[in-house]
Amino acid sequence: MTSAVTTPRPGGTGGATAVAARARQVVKAYGSGETRVVALDSVDVDIARGRFTAIMGPSGSGKSTLMHCLAGLDTVTSGQIFLDETEITGLKDKKLTQLRRDRIGFIFQAFNLLPTLSAIENITLPMDIAGRKPDADWLRRVVDTVGLSERLKHRPNELSGGQQQRVAVARALAARPEIIFGDEPTGNLDSRAGAEVLGFLRTSVDELGQTIVMVTHDPVAASYADRVLYLADGRIVDEMERPTAEAVLDRMKDFDARGRTS
Amino acid sequence: MSVLKTSLRNFLAHKGRMALSAVAVLLSVAFVSGTLVFMDTMNATFEKLFATTASSVTVSPEGATDDETPQTGRPETLPAALLDEVAKAEGARNVQGAVTSLSVTVVDAKNKNVGPTGGAPTIAVNWTPNELRSVEITSGHEPRGPTDVVVDAATAEKHGLKLGDELRTISVTGDFTAKISGIAEFKVTNPGATLVYFETATAQRELLGKEGLFTQITADAAPGVSDDALKANIAAALGDGHKLQTAAEAADAGREELAGFLDVMKYAMLGFAGIALLVGIFLIVNTFSMLVAQRTREIGLMRAIGSSRRQVNRSVLVEALLLGLVGSAAGVAAGVGLAVGLMKLMSAVGMELSTGDLTVKWTTPVVGVVLGVVVTVLAAYVPARRAGKISPMAALRDAGTPADGRAGRVRGGIGLALTAAGAAALVAAARAEEAAPGSAWLGLGVVLSLLGFVVVGPLLAGVVVRALGVVVLRVFGPVGRMAERNALRNPRRTGATGAALMIGLALVACLSVVGSSMVASATEELDRSVGADFIVRSGTGQPIVPQAQAALEKAPGIDHVTEYRWLDATVTDPRGRKTEEGLAATDATYMRDLRRETTAGRLADAYGPDAMSVGSDYATEHGVKVGDVLTVAFKGGKPAKLRVAAITADQGNVDNGAMYTDITTAARYLPADRVPHSLLLLAGAKDGQETQAYQALKDALAPYPQYKVSNQADYKKDLQDQVGQLLNIVYGLLALAIVVAVLGVVNTLALSVVERTREIGLMRAIGLSRRQLRRMIRLESVVIALFGALLGLGLGMGWGTAAQKLLALEGLGVLDVPWPTILTVFVASAFVGLFAALVPAFRAGRMNVLNAIASE
């Protein structure tokens, strides 16, 4: 079995460790006895800081569960998860909520925005909730980067799907979280709009030094990442650095074939 | 069949929401059926009472009234000799002479009134074997001598009376004291009266003034003789001049007497049932609208696979039918419980009603269920139609949140037109010159403006919620802003939810304005017209007995005591037209105690010998001028010719339209025992001795607890308390409407929470804490409640003001808006909102973030 653990080394982001989040022997199981289903089976993983990590795998492989656990949305059955040096497994809801609010950003596949709030209000929402003032310069930079300056006053239903996802990206970036989790962020978009959003994610990693973890089943989307982790049956079975769409596709075909013959 | 199955499934799938709506149906049906059960039980109880206790035939003096307390303080009587004549009638058995007086007050050794407090009378009677039909002596013995008295067990228990205790009986013939010789327990329902029994001669002497008199003579029919036949026989034996009643007639008369009181209760309760029903309709309409909105996709799918509009429509109506059936069935059951509760309440105020007599006619459940079902189905009709209009395309669309239900312009136009028409009608009512058309305008104005507000509600919701947002919500930052936006999302829903609350609060506001204006107007009038320092009244409508008056007159510091006696008379005007009038026979000092304006003549002259005054309305109507002579035939006395010496201006409430004459004038035309006693006394203190005089009067009245003396300040306070108590009862009943409205708010919020599951999940994922989430939902609830309150209070104050202007014709001259009450209600509404949000907010907080995100 391949482990996704890398040797910790001093990172490029000012003294902090190079690992933004790590999972140690994480097990997530549903039910018990006969009906026990193991979604994550003793997973060890390190998410490198300042890099773009994609998690791939067939349906039911546990990739979304892994992301939810890493992000503090879901609880684990056993094992530990650290965000930077903070262990988040075992935290109470209140602490977890604060952690998500202050240190984590989210981009979901769909329904990322509150329909009653305008684009800019949606972008600043996590900071509003926290009662923090957004950093005006940073906000402007984020908004410019995702190219939404003209549409800030619009309500979500006045924006296209691609624009809505860009607002979601901007929201995730605006609070300067330590790590952004994307759950198939381009799953609902056509290829052009998808490319746009992925481009922004890439840019934010390259230019803003953001750490991003994205779950996807699209090889093209995965090719934007620095590193791809493959999950199957709740385990990390492979990984690939500097992927290309073709390479990812080939690897997936491999798994498929192996899955069928075994 | 499949329609029914789908409906049933849906119904069961939404148990919680349906339960809330069912409660609304339940409450209104419970009120209606509770009223019916209570009325039927009362009737049955009294039928039984009269059937068991009344003699076959009762002979009373002509002119005797059944239970009114005569102002002379003496019941009409029959001579004892009549007993023999009745006994001679064919078929008469067990002929008994009865002495009954309701003009008594009985006090214990500590001068405490042992009579009932709930308005029922104290009845003093002579002991005859007939009494054993209704009571049995449970301890001691029947009254045997002049110092024996038997008291009913309920009274004895309530006042801690034992055998041997002394009771003082106060009547116009004087006070007399007797010792309790026995305690009598009722075998039948005692409608709340206190009963004391004396030996016959004592009763005659002390209650009627001399022996040898009875107030009734009763006879039973011999076997084979019908009551009617006996009545005819006795009538033949006695000749004219007597009132004869069979047991059945007595029962009817008794019931009729009760009917007046019961009718008031019945209509009041049905009125509140109606309000609860009206508010319930909003709740039902809202529930079904929300259910339909929530199921849009599902219904679209059904349409896509071939359901017709009618089938969809019908499936919603069948759900409503189920709801109506469940709600009203439970309502009927709750109604019986309510009736039992009412009976217990009646017992608490002294009217003993046995739950053993509980009468549920078959019509009661039928009426309840039909009402509940019809109302529910009607209320669900609009949402059902909307469901039918859902296009099959809805199945294909992304569900997300339902589109913002924008309030249409047409709707706004209609609403504004209705509101304007209502406002115009209210203005017309306020300006009306006569009461009858004015009331019609008022009614129309109330209905139209209510409808208008309901229709225009969604539009107003936008405006009002935004305004409230600026004032209230901004304090809460982004959470407040989101609450505001959420409340604005579906103005129709917010409007309907708020409207339900609006109705109850509008009535509260209207009544409190009217009530407060009543107090203010009366106070203002008292200040303007009343010069007396003190007023002495009885709480029970009993005239003031001479011994009490004598005690008052001896009180130190008193300048004068003014008698006020009310005389019934037939007055013939100079043109020969006869009318039944009441004359106020008073001392001349009355002019000082109550300042009256005159339009002609001097009021002082009306207190001269054989003089009187009339009101200006009478003078105009009958063409009477100062100097004209009227023929006044006093009831029970000789006709007098009295000269009109003054005409008083008819204005205000106090003594409006009264005719005045001096007591000495009236006394000359009436036998001494026919002169009524004072209804009330007014008194003035010597200058500077007001405080001492007040205390002295109170002390003087200590042995006569049936009377109460008040100075002007206390009198005003009493007035205020009375109005306040009345209003409290009404508020209590309106609370029902508010409870239903709160259920509506709960319902709306619960559904909003479900609808926004994904949104809530998203917000929780990006860091909204449970507390913030709960606060957001609570704020939304508060805003909806305040919206309803603002509309309701505004509307109600409008109604109240129009009503006051209209009632100004009846003397309600001062408009007084009770701002503290209004403000309290407004603030309380905010708490109502908080309360309504408790469960929905709790449930939203408990939502699992992941499920919320994953859910559709």
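In this text the structure is predicted, and so the values were computed from the model without any measurement.

Chemist: Looking at this structure, I do not really get the overall build of chain A. What am I missing?
Modeler: When helices and strands are counted, chain A shows 8 helices and 10 strands. A compact globule built from 262 residues should have a C-alpha radius of gyration of about 18 Å, and chain A, at 18 Å, falls within 12% of that. Its C-alpha atoms give chain A principal-axis dimensions of about 55 × 40 × 40 Å. Looking at chain A residue by residue over its 262 residues, the buried ones come to 47%. For chain A, the share of sequence-separated contacts (at least 6 apart) that also reach a separation of at least 24 residues comes to 70%.

Chemist: I keep staring at the interface of chain B and chain A and nothing clicks. Help me out?
Modeler: By a frequent convention, interface size equals the accessible area lost on bringing the separate parts together. Taken together, the contacts link 20 residues of chain B with 22 residues of chain A. Only helix H13 (477-489), helix H22 (757-765), helix H23 (770-807) and helix H25 (849-854) of chain B provide two or more residues apiece to the side of chain B that touches chain A. The element best represented in the side of chain B that touches chain A is H13(B), accounting for 6 residues. Its residues assigned to classes, the side of chain B that touches chain A comprises 9 nonpolar, 6 polar and 5 charged.

Chemist: What exactly am I supposed to notice about the domain arrangement of chain B here?
Modeler: Residues and elements named next belong to chain B. Domain assignment breaks chain B into domain 1 (1-56 + 249-399), domain 2 (63-240), domain 3 (459-532 + 711-856) and domain 4 (543-705). Between the C-alpha centres of domain 2 and domain 4 the distance comes to 33 Å. Residue assignment for the side of domain 2 that touches domain 4 shows that the elements contributing at least two residues are strand S9 (166-171) and strand S10 (174-186). Its residues placed into classes, the side of domain 2 that touches domain 4 shows 3 nonpolar, 7 polar and 3 charged.

Chemist: Explain the sheet that holds strand S2 (residues 37-48) of chain A to me, please; I cannot follow it from the model alone.
Modeler: By definition, the strands of a sheet pair up through backbone hydrogen bonds, in either a parallel or an antiparallel sense. Residue and element names in this part refer to chain A. Spatial strand order, S2-S1-S4-S5: 4 strands in an open sheet with antiparallel pairing. Edge strands, defined here as strands with exactly one partner in the open sheet, are S2 and strand S5 (86-87). Direction of pairing for strand S1 (residues 19-30) relative to strand S4 (residues 78-83): antiparallel, over a ladder of 5 bridges. Each residue of the ladder has a partner; that of Arg-22, found in S4, is Phe-82.

Chemist: Looking at this model, I keep getting lost on the sheet that holds strand S13 (residues 216-221) of chain B. Mind explaining?
Modeler: Residue and element names in this part refer to chain B. Strand order in this open sheet of 4 strands is S3-S13-S1-S14, and the pairing throughout is antiparallel. Looking at the sheet topology across the chains shown, the edges are occupied by strand S3 (92-98) and strand S14 (242-246). Averaged over all neighbouring strand pairs, the angle between strand axes comes to 20°, with direction disregarded. Lying on the sheet, helix H6 (residues 227-238) is in contact with strand S1 (57-61), S3, S13 and S14; it crosses S14 at an angle near 165°.

Chemist: Explain the packing of helix H14 (residues 491-529) of chain B against H23(B) to me, please; I cannot follow it from the model alone.
Modeler: Contact geometry of H14(B) with H23(B) gives a least axis separation of 6 Å together with a crossing angle of 35°. Both H14(B) and H23(B) take part in a crossing whose hand is right-handed.

Chemist: Even after reading the chapter, I still don't get unusual backbone geometry, so can you show me in this structure?
Modeler: One can expect most non-glycine residues to show negative phi and most peptide bonds to be in trans. A positive phi angle, near 50°, is found at Ser42(A), a position not held by glycine. Unusually for a residue other than glycine, Asn111(B) sits at a positive phi of about 65°. Within the element layout of this structure, Asn111(B) appears in the loop between strand S5 (105-107) and strand S6 (122-126).

Chemist: Would you take a moment to explain the environment of Ala380(B) for this structure?
Modeler: Residues and elements named next belong to chain B. Mapped onto the elements of the fold, Ala-380 is located in helix H10 (residues 363-389). We classify Ala-380 as buried; it has 28 C-beta atoms within 10 Å. In the structure, Ala-380 is positioned 38 residues away from Leu-418 in sequence and 23 Å away in space, judged by C-alpha atoms. Setting aside residues up to four positions removed in sequence, Ala-380 forms contacts with Ile-284, Phe-288, Val-316, Leu-317 and Ala-320.

Rules of the game
Residues numbered from 1 in each chain as written. Chains lettered and ligands numbered in written order. Predicted model: local features only at pLDDT ≥ 70, side-chain atom pairs only at ≥ 80, totals over all residues. Helix = DSSP H or I, 4+ residues; strand = E, 2+ residues; numbered from the N terminus. Rg over C-alpha atoms; globule rule 2.2 N^0.38 Å. Buried ≥ 20, exposed ≤ 12 C-beta atoms within 10 Å, placed from the backbone. Contact = placed C-beta atoms within 7 Å. Nonpolar A, V, L, I, M, F, W, Y, C, P; charged D, E, K, R; others polar. Domains from an automatic or database assignment. Pairing = 2+ DSSP bridges. Axes fitted to C-alpha atoms, helices over the stretch in contact; angles between N-to-C directions. Left-handed = near helix turned anticlockwise from the far one by under 90°.

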